[in-house]
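Examination of the molecular architecture
Spelled out, the chains give:
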Amino acid sequence: MTVTNSQSGTNVHEVSDGIYRINTPVVFENGNTFSFNQYLIVDDEPLLFHTGPRKMFPLVCEAVSSVLPVERIKYIGFSHVEADECGSLNEWLAVAPQSIPLCGTIAAMVTIEDIADRSPRALTDGEVISLGTHRVRWIDAPHMPHAWDCGFLTEEVTRTFLCGDLFTQGGADLPAITTSDILGPSEAFRHRLDYFSYTKNTRTLLERLASTEPTTLACMHGSAWSGDGATLLRALADSLSS
Ligand SMILES: [Fe+2]
Ligand SMILES: [Fe+2]
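Here we summarise the structure given alongside this text. The shown structure was predicted, so the numbers you read here are calculated from the model rather than taken from an experiment. (Residues numbered from 1 in each chain as written. Chains lettered and ligands numbered in written order. Predicted model: local features only at pLDDT ≥ 70, side-chain atom pairs only at ≥ 80, totals over all residues. Heavy atoms only, no water.)

Remark: helix H6 (residues 202–210) packs on helix H7 (residues 229–241), axes separated minimally by 8 Å, with the N-to-C direction vectors making an angle of 170°. In this view, H6 runs roughly antiparallel relative to H7, as classed from their interaxial angle. In this structure, H6 uses Thr202, Arg203, Leu206, Glu207, Leu209 and Ala210 to contact H7, whose residues at the interface are Ala230, Leu233, Arg234, Leu236, Ala237, Asp238, Leu240 and Ser241. Of the residues contributing to the contact of H6 with H7, the split by class is eight nonpolar, two polar and four charged. (Axes fitted to C-alpha atoms, helices over the stretch in contact; angles between N-to-C directions. Helix = DSSP H or I, 4+ residues; strand = E, 2+ residues; numbered from the N terminus. Parallel < 35°, antiparallel > 145°, perpendicular 65-115°, else oblique. Contact = heavy atoms within 4.5 Å. Nonpolar A, V, L, I, M, F, W, Y, C, P; charged D, E, K, R; others polar.)

See the structure below:
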């Protein structure tokens, strides 16, 4: 793990082949601790998944530039429209002149075509794009865990599932990647701060994600996780319906 900003503790760690987790720990005024992760896929056409909040842009930019020149970024991807997902989208479009937003069709239609300084590449459900040696597939997941426009990317060569807000863990000093249980801590967090929509489609969507059989879960908040992702996603479905 490389610390790229000693004041904030922002750090970079390669969690699977060519996929880097950028992590910034935060302490809120009430003393609660949390973390924000972005994932950088280094390839011919590099992809950043989640921008981080707009106010965190200098830290994330500094961290990305420790791995590759920021102007090489091609895609600025995210799961759904929220500040931590895409708050600095326009800042990224400015520093990476060839880059474009990458999102689902609903996010593109409802929000990104309007607020982004360049038009997005809108992905339909199941669509795959090649980044060079890596290959990402978009999966629509409306309202799961939240937001009409929600969806995910899964990187099929390394079987790394960019799982966004799924398995969100509180805390600011967690390891970059773990094989320990993250379902228990993330469910404890959900019981404190409920961020799920609980639609009738939740289990079906989680089962579809499980069918991709990921071996790395690239969580947006907390540790990334290595293991049998299908079993963990099915366990989450069970926990949500219990
Ligand atoms: Fe979210
Ligand atoms: Fe988030």
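Ideal geometry at a metal centre gives angles of 109.5 degrees when four donors are arranged tetrahedrally and 90 or 180 degrees when six donors are arranged octahedrally. Those protein atoms acting as donors to the iron ion (ligand 2) are Asp84 (OD), Asp165 (OD), Met220 (SD) and His221 (NE2), and they sit at 2.1 to 2.5 Å. Geometry at the iron ion (ligand 2) is irregular, judged from its four donor atoms and the angles of 88 to 172° they form at the metal. For the pair the iron ion (ligand 2) and the iron ion (ligand 1), the metal-to-metal distance amounts to 4.0 Å, and aspartate 165 bridges them. In this pair, aspartate 165 sits in the loop between strand E12 (160–164) and strand E13 (177–178) while methionine 220 sits in the loop between strand E14 (216–219) and strand E15 (224–226), placing the two residues 55 residues apart along the sequence. Note on accessibility: aspartate 165 and methionine 220 belong to one class, buried. (Donors = N, O, S within 2.8 Å, 3.2 Å for Na, K, Ca; no water. Tetrahedral: all angles 85-135°; square planar, octahedral: opposite > 155°, others 65-115°. Buried < 20%, exposed > 50% of the residue type's maximum accessible area, 1.4 Å probe, protein only.)

This part is about the pairing of strand E11 (residues 151–155). For E11, the buried fraction is high: five of the five residues fall into the buried class. The alternating pattern of E11 places Gly151, Leu153 and Glu155 and Phe152 and Thr154 on opposite faces, both of which are buried. As paired elements, strand E10 (residues 135–140) and E11 share five bridges and run antiparallel to each other. Residue pairing across strands places arginine 137 opposite threonine 154, the latter belonging to E11. (Pairing = 2+ DSSP bridges.)

In space, the seven strands of this open sheet follow the order E9-E10-E11-E12-E14-E15-E13, with mixed pairing throughout. The open sheet is flanked by strand E9 (128–130) and E13, the only strands paired with a single partner. Contacts from H6 reach E10, E11 and E12, with the element oriented near 165° to E10.

Moving on to the sheet that holds strand E3 (residues 19–27). Within the open sheet, the eight strands sit side by side as E1-E2-E3-E4-E5-E6-E7-E8. Their pairing is mixed. Of all strands in the sheet, those bounded by a partner on one side alone are strand E1 (2–5) and strand E8 (121–123). For this sheet, the mean angle separating the axes of adjacent strands, direction not counted, is 25°. In this structure, E1 lies alongside strand E2 (residues 10–16), joined through three bridges in antiparallel fashion. Opposite valine 3, over in E2, you have asparagine 11 as the bridge partner. Helix H4 (residues 105–115) contacts strand E7 (100–104) and E8 of the sheet and is inclined by roughly 120° relative to E7.

Turning our eyes to something else, we now look at the pairing of E3. The pairing of E2 with E3 spans five bridges and is classified as antiparallel. Paired with histidine 13 across the bridge in E3 is arginine 21. What sits between the antiparallel neighbours E2 and E3 is a turn of two residues, in which glycine 18 has the positive phi angle 80°. Pairing analysis gives nine bridges linking E3 to strand E4 (residues 33–41), with the strands arranged antiparallel. Following the sheet pairing, arginine 21 is matched in E4 by tyrosine 39. Linking E3 back to E4 in an antiparallel pair, the connection comprises five residues, with glycine 31 at a positive phi of about 95°.

The full count for this structure, using the stated rule, is eight salt bridges. As a salt-bridge pair, glutamate 187 and arginine 190 come within 2.5 Å of each other at their nearest N and O atoms. Separated by three residues within a single helix, glutamate 187 and arginine 190 lie in helix H5 (residues 183–192), roughly one turn from each other. Each of Arg135, Arg137 and Glu156 takes part in a single network of salt bridges with overlapping partners. (Salt bridge = Lys/Arg side-chain N within 4 Å of Asp/Glu carboxyl O.)

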